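Reading the structure
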Amino acid sequence: GGDSYGVLPRPCRALVLLNPQSGAGRALEDFQAVVQPMLAEADIATTVFVTERPHHAHEKVRDEDLSQWDTLVVMAGDGLLYEVVNGLMERLDWEDTMKKPLCILPGGSGNALAASINHYAGNDHVAKKKLLTNCTFILCKGLHTQMDLVSLSTASGKRLFSFLGFGWGFISDVDIDSEKYRRLGNARFTLGTLQCLAKLRVYQGRLSYLPAGHSALPAGTDAPGALPSDSLLVPLCQPVPPHWTVVPEEEFVSVYAIYQSHLGTNLLMAPAAQLHDGCIHLFYLKAGISRVALLKIFLAMARGTHLDLNCPHLHYVPVRAFRLEPRAAAGIMTVDGEALACEPVQGQIHARLCRVLSG
Ligand code: ADP
Ligand code: MG
């Protein structure tokens with residue numbers, strides 16, 4: 001409801017976490033040329049923290065006193081925001097800290113959350129400098145609202161928090177294989193898709209889910225200070241509860257659970273998704289799909305019309321929770337575009353766990 005909205009104070013103090021290696025390597029230049037002049041006009045003072053290595057932003061937001069900042073801004077790709085979210089969730093005071101609004105400014109090659117927020121705000125579909133300008137304008141306006149996160153648990157005991165999506169198979173392969181083309185910016189995904197199409201593979205495993213229609217969102221009844229509990233999940237060593245659906249087929253080309261509208265700047269995968277819809281939008285592609293049909297799906301995703309193709313191999317279901325049990329440690333898994341070792345994983349939605357600048 002309307003009570004979920006807030007506005008940044010003025011003057012406003014922003015900590016900007018910037019990855020100079022993101023995307024085509026121009027994040028710092030773009031920040032100074034495009035972002036800083038606009039923020040100065042809006043009375044938003046910035047302190048820039050330039051990351052020197054992977055995990056640097058994670059440690060920074062996990063360990064430091066953040067009380068002097070009104071907002072944490074990430075000028076990078078989705079990967080750096082993923083570090084920030086997980087660093088914040090490791091803090092003892094995570095519950096208070098997660099009330100601090102986060103802002104994403106597209107500086108990477110994978111800018112899915114920035115593209116999604118631009119879409120939710122009702123702006124035209126744009127990329128590159130125009131997307132950066134739109135997202136900076138959203139920060140200048142200062143309106144923020146809540147965003148759902150998904151808690152993921154792996155068989156080896158990892159617990160991760162994700163704001164964008166979890167994937168396995170084709171789409172994750174494209175994401176990771178195309179890392180070597182990151183200097184091309186968003187075009188890396190087009191090139192990667194064509195390359196992965198050439199060596200199309202089938203992945204074996206079991207997929208189960210809790211459909212969104214069948215359950216209310218669980219109420220938060222956690223002990224103060226404890227991490228939010230996954231009340232919809234049972235341990236991975238036990239079978240899924242009887243009211244879950246188990247997909248009968250066990251051969252997939254890809255499984256992708258997305259919780260934002262865009263998978264990339266040109267990929268409108270879940271047109272119905274919203275920042276706090278309490279939903280995981282689960283897509284899976286069954287084995288047997290032809291290369292041509294798969295290419296058609298990816299081309300249609302530019303406009304979000306892939307479900308209109310009525311491809312019998314493509315399935316979509318809104319869920320609250322899911323479990324994926326790969327038969328072998330085959331294929332790449334990704335969380336918010338970052339690689340994860342292939343192993344059994346399950347996840348559930350946690351409604352409104354953080355806040356983002358949203359226009
Ligand atoms: P892109 O969208 O281009 O992938 P991201 O911001 O998602 O850009 O960053 C990709 C990865 O780079 C993340 O895993 C992050 O941890 C890592 N990273 C952050 N800072 C640096 C740095 N200074 N040098 C190299 N890698 C970094
Ligand atoms: Mg990335």
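Calculation notes
- Residues numbered from 1 in each chain as written.
- Chains lettered and ligands numbered in written order.
- Predicted model: local features only at pLDDT ≥ 70, side-chain atom pairs only at ≥ 80, totals over all residues.
- Heavy atoms only, no water.
- Helix = DSSP H or I, 4+ residues; strand = E, 2+ residues; numbered from the N terminus.
- Rg over C-alpha atoms; globule rule 2.2 N^0.38 Å.
- Contact = heavy atoms within 4.5 Å.
- Areas by Shrake-Rupley, 256 points an atom, 1.4 Å probe, with all protein chains shown as cover.
- Near = heavy atom within 4 Å.
- Polar contact = N/O pair within 3.5 Å; in protein donor to acceptor, adjacent residues only side chain to side chain.
- Domains from an automatic or database assignment.
- Buried area = accessible area lost by both parts, 1.4 Å probe.
- Phe/Tyr/Trp six-rings, centres within 6.5 Å; stacked < 30°, edge-to-face > 60°.
- Buried < 20%, exposed > 50% of the residue type's maximum accessible area, 1.4 Å probe, protein only.
- Salt bridge = Lys/Arg side-chain N within 4 Å of Asp/Glu carboxyl O.

For the protein chain, the count of helices and strands is 9 helices and 18 strands. Taking 2.2 N^0.38 as the reference for a compact globule, 359 residues should give roughly 21 Å; the C-alpha atoms of the protein chain span a radius of gyration of 19 Å, in line with that estimate. In the protein chain, 79% of the contacts between residues at least 6 apart in sequence involve partners at least 24 apart. When the accessible area of the protein chain is evaluated, it comes to approximately 14800 Å², of which 54% is carbon and sulfur surface.

Taken together, 21 residues lie near ligand 1, and Gly-23, Thr-51, Glu-83, Arg-182 and Glu-338 sit nearest. Between a nitrogen atom of ligand 1 and a side-chain N or O atom of Thr-51, the distance comes to 2.7 Å. Note that an oxygen atom of ligand 1 is positioned 2.6 Å from one of the side-chain N or O atoms of Arg-182. When ligand 1 is considered free in solution it has 570 Å² of accessible area, and contact with the protein chains removes 86% of it. Counting residues per element, the shell around ligand 1 draws most heavily on helix H3 (residues 78–89), at 4 residues.

This part is about the domain arrangement of the protein chain. On domain assignment, one finds that the protein chain holds domain 1 (2–148) and domain 2 (151–353). When each unit is reduced to the centre of its C-alpha atoms, the spacing between domain 1 and domain 2 is 24 Å. The interface of domain 1 with domain 2 comprises 33 residues on the first partner and 39 residues on the second. With both chains or domains summed, domain 1 and domain 2 bury close to 3100 Å², and 57% of this area falls on carbon and sulfur atoms.

This paragraph deals with the packing of aromatic side chains. On inspection of all chains with the given rule, the structure shows 5 aromatic pairs. Summarising the aromatic geometry, the rings of Trp-168 and Tyr-203 are spaced 5.6 Å apart at their centres and angled 50° between planes, so their arrangement reads as tilted. Of this pair, Trp-168 sits in strand E8 (residues 165–169) while Tyr-203 is found in strand E9 (residues 203–211), placing the two residues 35 residues apart along the sequence. This pair shows no difference in class: Trp-168 is buried, exactly as Tyr-203 is.

For the structure on display, the rule yields 18 salt bridges. The closest approach of N and O atoms between Arg-188 and Asp-175, which form a salt bridge, is 3.1 Å. Separated by 13 residues along the polypeptide, Arg-188 in helix H8 (residues 187–198) and Asp-175 in helix H7 (residues 170–177) bring together distant segments of the chain. Measuring nitrogen to oxygen at the nearest pair gives 2.7 Å for the salt bridge that ties Arg-327 to Glu-250. One end of the pair, Arg-327, is in the loop between strand E15 (314–326) and strand E16 (333–335); the other, Glu-250, is in the loop between strand E10 (245–246) and strand E11 (251–258), with 77 residues separating them in the sequence. On the accessibility criterion, Arg-327 (52% relative accessible area) is exposed. Ionic contacts of the salt-bridge type, sharing partners, join the residues Asp-175, Glu-179, Arg-182 and Arg-188 into one network.

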